[in-house]
Amino acid sequence: MGPMAEQPAKKHSLVIDNRERLTATGIKRVDFFSDELITAQTDQGQLNIKGEALHIESLNSDTGDMLVKGRVGAVSYTESSPTLSFFGRLFK
């Protein structure tokens with residue numbers, strides 16, 4: 001396999017403790033973050049975390065592990081589409 005080989009799909013999991021600590025695995029990249037919204041790409045689609053006082057405590061790009069702290073209000077997934085990025089939908 002050369003360096004251009006497709007990366008195998010990373011297993012994605014999500015654990016929320018007491019709505020104040022969120023641990024995710026299989027994160028490919030974080031596209032946007034603020035204290036009210038974090039969007040990240042996984043092999044299962046785009047992960048959207050909404051809440052209050054959110055911050056990314058740690059993110060390991062090698063393993064895809066991410067730790068978020070704050071008040072988690074909602075978690076949702078949207079299918080990844082390069083033409084409909086967060087900012088593309090926001091500024092329509």
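Just so we're clear, the structure is a prediction, and the values are computed from it rather than from any experiment.

Visitor: Is there a simple way to think about the side chain of Gln-41 in this case?
Guide: Its location among the elements puts Gln-41 in strand 4 (residues 37–42). Taking the relative accessible area as the measure of exposure, Gln-41 reaches 8% and is therefore buried. Among the polar contacts listed, one links the side chain of Gln-41 to the side chain of Asp-31, at a separation of 2.9 Å.

Visitor: I keep staring at the pattern of salt bridges and nothing clicks. Help me out?
Guide: Opposite charge on two side chains lets them pair, provided their charged atoms get close. Throughout the structure, instances matching the rule amount to three salt bridges. Measuring nitrogen to oxygen at the nearest pair gives 2.7 Å for the salt bridge that ties Asp-31 to Arg-29.

Visitor: Got a minute to help me understand the nonpolar core in this structure?
Guide: Note on soluble globular proteins: their nonpolar side chains tend to be buried together. Judged by nonpolar contacts, Leu-22, Ala-24, Ile-27, Ile-38, Ala-40, Leu-47, Ile-49, Leu-54, Met-66, Val-68 and Val-72 together constitute the single largest core of eleven residues. Every element with two or more residues in this core is listed here: strand 2 (21–25), strand 4, strand 5 (45–60) and strand 6 (65–78). Excluding its chain neighbours within four sequence positions, the residues that come into contact with Val-72 are Ile-16, Arg-19, Leu-22, Ile-49, Lys-50 and Gly-51.

Visitor: How do you make sense of unusual backbone geometry when you look at a structure like this?
Guide: Generally, phi is negative for residues other than glycine and the peptide bonds are trans, each holding for most cases. With phi around 50 degrees, Asn-18 is a residue other than glycine that occupies positive phi space. Mapped onto the elements of the fold, Asn-18 is located in the loop between strand 1 (13–17) and strand 2. In this structure, Ala-53 is a non-glycine residue whose phi angle is positive, near 55 degrees. Of note, Ala-53 is situated in strand 5.

Visitor: Would you mind going over a nonpolar patch on the surface with me for this structure?
Guide: A cluster of nonpolar side chains, namely Ile-16, Val-75 and Tyr-77, defines an oily patch on the protein surface of about 230 Å² accessible area. Its relative accessible area of 39% is what places Tyr-77 among the partly exposed residues.

The rules behind each value
Residues numbered from 1 in each chain as written. Predicted model: local features only at pLDDT ≥ 70, side-chain atom pairs only at ≥ 80, totals over all residues. Heavy atoms only, no water. Helix = DSSP H or I, 4+ residues; strand = E, 2+ residues; numbered from the N terminus. Buried < 20%, exposed > 50% of the residue type's maximum accessible area, 1.4 Å probe, protein only. Polar contact = N/O pair within 3.5 Å; in protein donor to acceptor, adjacent residues only side chain to side chain. Salt bridge = Lys/Arg side-chain N within 4 Å of Asp/Glu carboxyl O. Core = buried A, V, L, I, M, F, W, Y, C linked by side-chain atoms within 4.5 Å. Contact = heavy atoms within 4.5 Å. Patch = residues over 30% accessible without salt bridge, like charges linked within 9 Å, V, L, I, M, F, W, Y side chains within 5 Å. Areas by Shrake-Rupley, 256 points an atom, 1.4 Å probe, with all protein chains shown as cover.

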